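One-letter residues, chain by chain:
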Amino acid sequence: MMAGTPLFDRITIIGAGLIGSSVARAVRRGKLAGHLALADANEEVIKEAEGLGIADSFHTSVVEAVAGSGLVILAVPVGAMASVGVAMAPGLAEGAIISDVGSVKESVFGALEPLLPAHAHLIPGHPVAGTEQSGPAAGFASLFDGRWCILTPPEGVDADALETLTAFWQGLGSTVEIMEARHHDLVLAITSHVPHLIAYNIVGTASDLEEVTRSEVIKYSAGGFRDFTRIAASDPTMWRDVFLNNKDAVLEMLGRFSEDLTALQRAIRWGDGDALFDLFTRTREIRRRIIDAGQDDAKADFGRPHED
Ligand code: NAP
């Protein structure tokens, strides 16, 4: 790329929610596109994005939005990828790179690959960054700074297309890792999908309790519960689609999780304090390593303000 020349003449982002609008803002910040087109099926969402001024053109028609774009990024729920693929395929420019930000990779490739013209380069991706919020107003340009973006190119991928997409994510502030799609889905099952399921489950269990009232659950939530509620507030459509599309890996990891939970249950029942203490010591070390790796802040209580 020549200094001052954008990476692409035109980029299209489909889906103007948290992730799509953050990519749009970061594309602008990095001056990566001559023209940035943003599309969303939801008229209210695209109007809101237009009001925020985060792209150069705004569309509800994806086929119109992708015309002439060298890069198209799909930022819609995993279950909506195929319908976007069908709609955009006839409008794709010769040799366009098609990528996405979906949280599951094998099923996204399987859904899109048969729908795209042979001249298009499909390279799925997943920025490992996000929040529990949704919609265009929730996005921000620095979301991907210092975070990993995992690309899962198929065998025989066009090397230039992969290099350009890598440069794109680096331009958004991320470090790029290349991984096989199936392995990505297994890794993310334990680092993201199962933790979300546990949070959804514990918040659901607490809200169903009869002997402890719901108002007590809210009142005493600072005991730990409220940190689960942040994750359990994540977008229902997105997460429904993640579990429907990463079934095998999630079930495999849940099997391991249940075994370990049963072992903890036994340790509590039999008063095995050493087993509990050893586990809690190991888990504290994991937290320290996440902070050392720059993947979270060391501030106590997630940096919530406390009086001295
Ligand atoms: P979001 O804020 O809900 O945004 C998704 C947007 O896509 C919504 O505006 C939605 O419209 C729109 N949409 C749905 N179907 C569409 C279609 N067929 N054509 C065009 N637009 C459509 O969700 P998000 O958090 O940005 O998630 C987007 C993707 O990023 C998902 O695949 C998710 O797995 C992935 N991801 C999320 C995170 C995270 O932390 N949130 C992190 C990494 C990756 P409606 O409002 O009408 O539904």
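Report on the accompanying structure. (Residues numbered from 1 in each chain as written. Predicted model: local features only at pLDDT ≥ 70, side-chain atom pairs only at ≥ 80, totals over all residues. Heavy atoms only, no water.)

Some words on the overall build of the chain
Part 1: The secondary structure content of the chain amounts to twelve helices and nine strands.
Part 2: Across the 308 residues that make up the chain, the buried fraction comes to 39%.
Part 3: Within the chain, contacts between residues at least 6 apart in sequence are counted, and of these 74% link residues at least 24 apart.
Part 4: Summed over its atoms, the accessible surface of the chain is roughly 16,900 Å², and 55% of this surface lies on carbon and sulfur atoms.
Part 5: The centroid of the 25 positive side-chain charges in the chain is displaced by 6 Å from the centroid of its 42 negative side-chain charges. (Helix = DSSP H or I, 4+ residues; strand = E, 2+ residues; numbered from the N terminus. Buried < 20%, exposed > 50% of the residue type's maximum accessible area, 1.4 Å probe, protein only. Contact = heavy atoms within 4.5 Å. Areas by Shrake-Rupley, 256 points an atom, 1.4 Å probe, with all protein chains shown as cover. Lys, Arg positive; Asp, Glu negative; His and termini not counted. Charge placed at Lys NZ, Arg CZ, Asp CG, Glu CD.)

A look at the nonpolar core
Part 1: Ranked by internal contacts, the top residues of the largest apolar core, which has 38 residues, are Ile 11, Val 23, Val 27, Phe 144, Phe 168, Trp 169 and Leu 172.
Part 2: In terms of residues, this core owes the most to one element, helix α1 (residues 18-30), which gives six residues.
Part 3: Every residue in contact with Ile 11, bar those within four places of it in the chain, is listed here: Val 27, Leu 32, Ala 33, His 35, Leu 36, Ala 37, Ser 69, Leu 71 and Phe 168.
Part 4: Counting 29 residues, the second-largest nonpolar core is a separate cluster that includes Ala 96, Val 104, Val 108 and Trp 239. (Core = buried A, V, L, I, M, F, W, Y, C linked by side-chain atoms within 4.5 Å.)

What about the site of the ligand?
Part 1: Leu 18, Ile 19, Asp 40, Val 76 and Ser 103 are the nearest of the 27 residues found near the ligand.
Part 2: Taking Leu 18, its main chain carries an N or O atom lying 2.9 Å from an oxygen atom of the ligand.
Part 3: The contact in question runs from an oxygen atom of the ligand to an N or O atom on the backbone of Ile 19, over 2.8 Å.
Part 4: When isolated, the ligand has an accessible area of 900 Å², and the protein chains bury 82% of it. (Near = heavy atom within 4 Å. Polar contact = N/O pair within 3.5 Å; in protein donor to acceptor, adjacent residues only side chain to side chain.)

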